Amino acid sequence: MALLDLIKNRKSVRDFLDTPVERDKIMMCLEAARLAPSASNSQPWRFIVVDDRELKDKLCAAAFSGLYRINSFGKTAPVMVVVISEKSKFLARIGGMFRGTKYYLIDIGVACEHLVLEAEDLGLGTCWIGWFNERGVKSVLNIPQSKKIDILIALGYYDREKLGPEHGREPMDKIASFNSY
Ligand SMILES: Cc1cc2nc3c(=O)[nH]c(=O)nc-3n(C[C@H](O)[C@H](O)[C@H](O)COP(=O)(O)O)c2cc1C
């Protein structure tokens, strides 16, 4: 599919089918993420794919309890990708300090969107999840508390007919212009 059509088709999925996702498809999503550009080529990411049913249920119970219950839909996803924000290279960190820019977050965003678009191309749905119990996720997966997890990505097959309404986007003239602000 042409890239722009793929981008137009993609919507966040919050209701997944109980169908396992093939490992080779997951690997293609990870490959798309692996090839993402990053500041100073830092590649400040690590992806932990949780597709073991029992572990995934445990992870979701910890991630989406209490305050974070609003994201309980995550429990329906057969796969949860935990994205650890690793330390950027010195140059990216020092440059970021001067610029007041968290390059690593941009890097993580690019890599995750690569993953998401590859998933879409493979007929898989995704939802970015930024609101979750980070401490809970770390303790279930034995990730040191000193690590930072900024995002989870729910991944799995879904029924397109059951997708929620489209989220609107700002009109082009509000978000872009040529040659001046
Ligand atoms: C960084 C980030 C964090 C997000 N966190 C959540 C979340 O915690 N829960 C959720 O349901 N959706 C989350 N989303 C999905 C957005 O709500 C969604 O992308 C937006 O409403 C546009 O809808 P669409 O993806 O269907 O086009 C997140 C998206 C991004 C990029």
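Everything below is about the structure shown above.
Residues numbered from 1 in each chain as written. Predicted model: local features only at pLDDT ≥ 70, side-chain atom pairs only at ≥ 80, totals over all residues. Heavy atoms only, no water.

*Asks:* Just give me the short version of the site of the ligand, but keep the residues and values in it.
*Replies:* Around the ligand sit 14 residues, and of these Ser 12, Arg 14, Asn 71, Trp 128 and Arg 169 come closest. Within the contact set of the ligand, an oxygen atom lies 2.7 Å away from a side-chain nitrogen or oxygen of Arg 14. Here Gly 130 contributes a backbone N or O atom positioned 3.0 Å from a nitrogen atom of the ligand. Taking 620 Å² as the accessible area of the ligand by itself, protein coverage stands at 66%. For the shell around the ligand, the leading source of residues is strand E3 (residues 125-129), giving three residues. (Near = heavy atom within 4 Å. Polar contact = N/O pair within 3.5 Å; in protein donor to acceptor, adjacent residues only side chain to side chain. Areas by Shrake-Rupley, 256 points an atom, 1.4 Å probe, with all protein chains shown as cover. Helix = DSSP H or I, 4+ residues; strand = E, 2+ residues; numbered from the N terminus.)

*Asks:* Pulling in residues and values, what's your account of the pairing of strand E2 (residues 79-85)?
*Replies:* Within E2, seven of the seven residues are buried, which leaves the element mostly enclosed by the surrounding structure. Going residue by residue along E2, you find Val 79, Val 81, Val 83 and Ser 85 tucked away on one face and Met 80, Val 82 and Ile 84 tucked away on the opposite face as well. Both strand E1 (residues 45-50) and E2 contribute to a ladder of six bridges, which runs antiparallel. Along E2, the bridge assignment pairs Val 50 with Met 80. (Buried < 20%, exposed > 50% of the residue type's maximum accessible area, 1.4 Å probe, protein only. Pairing = 2+ DSSP bridges.)

*Asks:* So what's going on with the side chain of Asn 71? Residues and values would help.
*Replies:* Checked against the element boundaries, Asn 71 lands in the loop between helix H3 (53-63) and E2. One polar contact links the side chain of Asn 71 to the main-chain carbonyl oxygen of Trp 131, over a distance of 2.8 Å. Ignoring anything within four residues of it in the chain, the contact list for Asn 71 reads Phe 64, Ile 129 and Trp 131. (Contact = heavy atoms within 4.5 Å.)

*Asks:* Describe in detail the pattern of salt bridges, supporting the description with residues and values.
*Replies:* A full pass over the atoms with the stated rule returns eleven salt bridges. The partner of Arg 23 in a salt bridge is Asp 51, and the shortest N-O contact between them spans 2.8 Å. Taken together, the residues Arg 23 in helix H2 (residues 23-34) and Asp 51 in the loop between E1 and H3 connect sequence positions 28 residues apart. Taking the relative accessible area as the measure of exposure, Asp 51 reaches 28% and is therefore partly exposed. As a salt-bridge pair, Glu 134 and Lys 148 come within 2.9 Å of each other at their nearest N and O atoms. Of this pair, Glu 134 sits in helix H6 (residues 134-141) while Lys 148 sits in strand E4 (residues 148-156), and the two are 14 residues apart along the sequence. Glu 134 gets classed as buried once you look at its relative accessible area, which sits at 18%. Several salt bridges share partner residues, and in doing so they unite Asp 18, Arg 53, Lys 56 and Asp 57 into one network. (Salt bridge = Lys/Arg side-chain N within 4 Å of Asp/Glu carboxyl O.)

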